[in-house]
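Coordinates in review
Next come the chains, spelled out residue by residue.
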Amino acid sequence: MRTPSIPSLPILLLLFFFLPRSTALAQCDSVTAVKKSPTGCTNWFVQNRNVDRKTITRIRFELLTSGMSWAGTALVDSWTVALPAPNILELDAGSGGLRTGVDMYVNLVCLSRVCANDRDYQVKWTTFDGATQICSGTETLACQAMEREDSLAATLHPVDWRCHRLTLHNFNSLNLAIDELSLTSLTPGANPNITPPAGWAVQSNAGTTTLTADPDPLNPNDSLPGIQLCFTQTPPNTDTVSLLWSTGNNGIGLSSDTLRIRLGRQPRCDSMVLTFDPNKTNPACKALTFFNLHEPQSDVTSILVQVVSDGAVFSTGASGPWNLTQETAKFLRFVAPGTGIGNGDSVGTFTFCVTNASGVDSVLFRVTSETAGKQICSVEQRAFVPSIDGLCDLFLARRTGGQNYVLGFFNRRLPALPVNGFSLEILNSSPTLSTVSPPSGWTLQNSTSASAAFRGTTVFPGGTADGFEVAFDGAQQDTVLLQVCTSFDGNEACCDTLVLPITSGESRCDSLLLTEAPVPGSCQWKAGFVNLHLPASLTTQFRLQALTPSTRFNAQNVPAGWVVSSDGSSGVLTVQRDTATTEGLAFDLTVESSSETVLFEWCTEDASGPICCGFDSLFCAAEEKCGEMNVQEGSHALQRRLSFHNIISPEAVVEQLRISVLTAGTGFDAVNIPKSWTMDISATKDTVIITPDAPILTDNISASFDLTLSEAPGCDSIRWQWEAMAGDAMLCGSMLPALPCPSAACDTVTFSTDAARPCCFDIRVQNSGSGEIDGFTLSVLTPGASAFASTIVSPDDWTLSGDTTYMQWSTTGSPILEAGSLDGFTVCFNNGWIGNEDFLVLWQTLTGRTVRCSDTLTIACDRTLTVEHLDAAIPAQATLQQNYPNPFADGTSIVFALPHQQRVTLQVYDTHGRRVASLCSGSYAAGSYRVHFDAGTLPAGMYLVRLTAGNVVRTQRMSLIR
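Residues numbered from 1 in each chain as written. Predicted model: local features only at pLDDT ≥ 70, side-chain atom pairs only at ≥ 80, totals over all residues. Heavy atoms only, no water.

**Some points on unusual backbone geometry**
Which entries qualify depends on this criterion: Helix and strand assignments come from DSSP, with helices taken as H or I runs of at least 4 residues and strands as E runs of at least 2, each series counted from the N terminus. Relative accessible area decides the class of each residue, using a 1.4 Å probe on protein chains only: under 20% of the type maximum gives buried, over 50% gives exposed, and in between gives partly exposed.
In the segment running from Tyr-884 into Pro-885, the intervening peptide bond is cis, with an omega of -5°. Looking at the element boundaries, Pro-885 is found in the loop between strand E64 (879–880) and strand E65 (891–898). With an omega of 0°, the peptide bond running from Asn-886 to Pro-887 counts as cis. Locating Pro-887 in the fold gives a position in the loop between E64 and E65. A positive phi angle, near 55°, is found at Arg-53, a position not held by glycine. Within the secondary structure, Arg-53 sits in the loop between strand E2 (41–47) and strand E3 (58–63). Residue classification places Arg-53 among the exposed positions, given a relative accessible area of 62%. A positive phi angle, close to 65°, is found at Asn-221, a residue other than glycine. Position of Asn-221 among the secondary structure elements: in the loop between strand E14 (208–213) and strand E15 (223–230).

**Focus on the sheet that holds strand E9 (residues 151–156)**
Adjacent strands of a sheet pair through backbone hydrogen bonds, lying either parallel or antiparallel. Note the following rule: Being paired, for any two strands, means DSSP has found at least two bridges between them. Note on geometry: axes are lines fitted to C-alpha atoms, helical ones only across the stretch in contact, with angles between N-to-C directions running from 0 to 180 degrees.
If you walk across this open sheet you meet the four strands as E9-E10-E15-E12, and the pairing is antiparallel. Because the sheet does not close on itself, it has two edges, and the strands there are E9 and strand E12 (193–195). In this sheet, adjacent strand axes meet at a mean angle of 30° when their direction is disregarded. Note: E12 against E15, three bridges, orientation antiparallel. Pairing of Ile-194 across the sheet is with Leu-229, part of E15.

**Observations regarding a nonpolar patch on the surface**
For clarity, the threshold we go by: Exposure above 30% relative accessible area and the lack of any salt bridge qualify a residue for a patch; like charges then connect within 9 Å, and the nonpolar side chains Val, Leu, Ile, Met, Phe, Trp and Tyr within 5 Å. Note that accessible areas follow from Shrake-Rupley with a 1.4 Å probe, and for residues the cover is restricted to the protein chains shown. One side-chain nitrogen of Lys or Arg within 4 Å of one carboxyl oxygen of Asp or Glu is enough to make a salt bridge.
Nonpolar side chains collect at one region of the surface, where Leu-427, Leu-481 and Val-499 lie side by side and expose about 250 Å² of accessible area between them. Mapped onto the elements of the fold, Leu-481 is located in strand E34 (residues 479–488).

In structure tokens form, the structure reads like this:
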């Protein structure tokens, strides 16, 4: 027997290379459907396993089953999703891709619509490296039809904010008509009133309201609008109510679900606080703080401030934290440089001055809020502004030669009126006009030998026009009697008569002396004149008259022989002498003004009157200002969102922001900045230096960033500060509002009712934390409610500021010490404008400018007596017991009981049906209650006490004897 021979090793190798290989040895990419949904969405798992180790840069999903298409969406990191055809979905990685051996998920690759019936469909997948195909395969997926359910939708009523409109849609899979809809409130204390549409009836039982078709049911694929649902009472601080609803047909349940309804909010407008500008001495200058409080909520991106009162106008020089884009005599428009402010936020302080010639010492202001140019609402407030007598425009004549003059005017007309016309007329017989020339922006409309009229650019109140050049031919006269007038659109505004000397000889004017004194931080100048005028004469007086409102002059170091006759406190400074001189004058001048640029008229005079007059201006450098760090509350107590507003003066570019925590044991838990920014945090985590991607330029606001602080054991509040940096140099900085530690004990404020005065409250402030309380504020948040100004009382050594909706008490020498308390704050409220309804107030305690604690409180002005809850059995129905004692001389007790939580009012009437007292009002839980009624000064006689509990009314007679 022959033994088979074994091929040698070289032959085996040749066979290995030349024989065909099994396809099972080749590797390819894998794309697998790993999660399927009956809604037609699929998650895919992609693995790069191709044998050539190529990177997957593109993936294609192609629907092979006709009649189906992709929705065009997918979730996969930074890949681009494209839909080149309805049945083709492509993912492109751009310059990246899926490398060899790497896996990834592609989620929510969805069909364009839900499957209409149960069927399978095929998807072909293909992987690419650029334009080169790598691998492909197919997957068969099951598409299941969705189980269809009825639908109930809610929309807010367009007129009544307390109501919603419901629409029922018949979509159930059983294809049955709906003849019943049941609604049950799942939110305790929220019991809606439901009004059915026509053809449906309603009945309620044990908290469930059922609507039944009478007679026509809702057919399949039809909708039933017109179901009205109103919430007249909801628990406090409840924004959303849940309803369990179900549909049925002849007792067969069809669909059920939970409907969450966001409650509407009572429409209200924004609010403003208008006070005196603390940086001005002029009571006509105001500071306005704006609060975004309107409902429905939206951002405020601009505000329009308007002077409503006739005869009152804005002076020039308004400013604020937002850009002033429109400034006229009646309107100021401020536009936010960023996204504006959201609901609940405020912005301040906008400052402006008003000239009031209405004859009444008050001005009505209107502030209109806007979002993206669309008006939201307007709020008005009247403020004290002293009235002044009417004024006319001021005219100027500056002599440039013997018979040559330059004329001009300053628009100070009250009541205010813009000016776009100027005219002149010679009143005496001999002189004539030889030449007339208008300034830039003006045209000569007509002229004769005795008159000329000009029209040009509109000059608004506070503005000037100068440069009307005229030359006269005097003949035998040496004086021109010239009438000058301003007008607007042909309607005469103001006129005056000027007496202008003319000579044929050489003529020139004096020269104003005005040089700034090098005194940093103040507006001081060397002022006066140099005597140069021809024909020569002796000078006896020099006068400065401010044309910019709220300007004061003060003269020092006036030379011997000159005396100050008008001290400049009213804007007019006059320096004169008893003996005339040919010399000039120089003295030290201090200027105080609300504006950086001060316009003034100056004149030199002799015994015959003015010699030379002219307009000029001086500049008072703005005080040094730092930037503003805007602070908003974050998602929890120790998180804040910051942004920096660069209003640094002198102007500087901010390159970095340094935030430091000063309270020992505290630091930063987290710092979240925009992706393109960088930061450097200290090892102790108490200082962070943030560098934006670009420097923060003047008047710019940075992007927002979030800081989360940590709480130190036993801390009361966290003190921290910010600094603006340029390189290694600190430009400026300030403290940030301190953050109260969440675990720290907070102050308490107690409101005690005054039985003798309805809606009056005695307030006690209790210091429950550490440190001293030197400030307390009370804000009325509900529009229409306010305090009676004459009734507000302050404790000794505490001062009150604000108005009837914002009261602020402060002290410098009598703070509330730790564990101490203070009485003596008294406020009486007026809620008559809101129908004696409850309203909301906010109180705050402060240390310096730091808010320690705050809370809101609902004020009910008819709950002026104490309601005592009794330990007694719960009755089967609402009851009102006979008062005891009865008859009574001064006071008596009244007991009522409730079977379940109800809205209750308890009121006392006389026999004429007039209400004489409201004892309590509100929602009370099941149980018994006792109220003490003090008859006070009521006359003796018979009275009725009436209890209203839900739909139940109970009445008892009471006899008052004296």
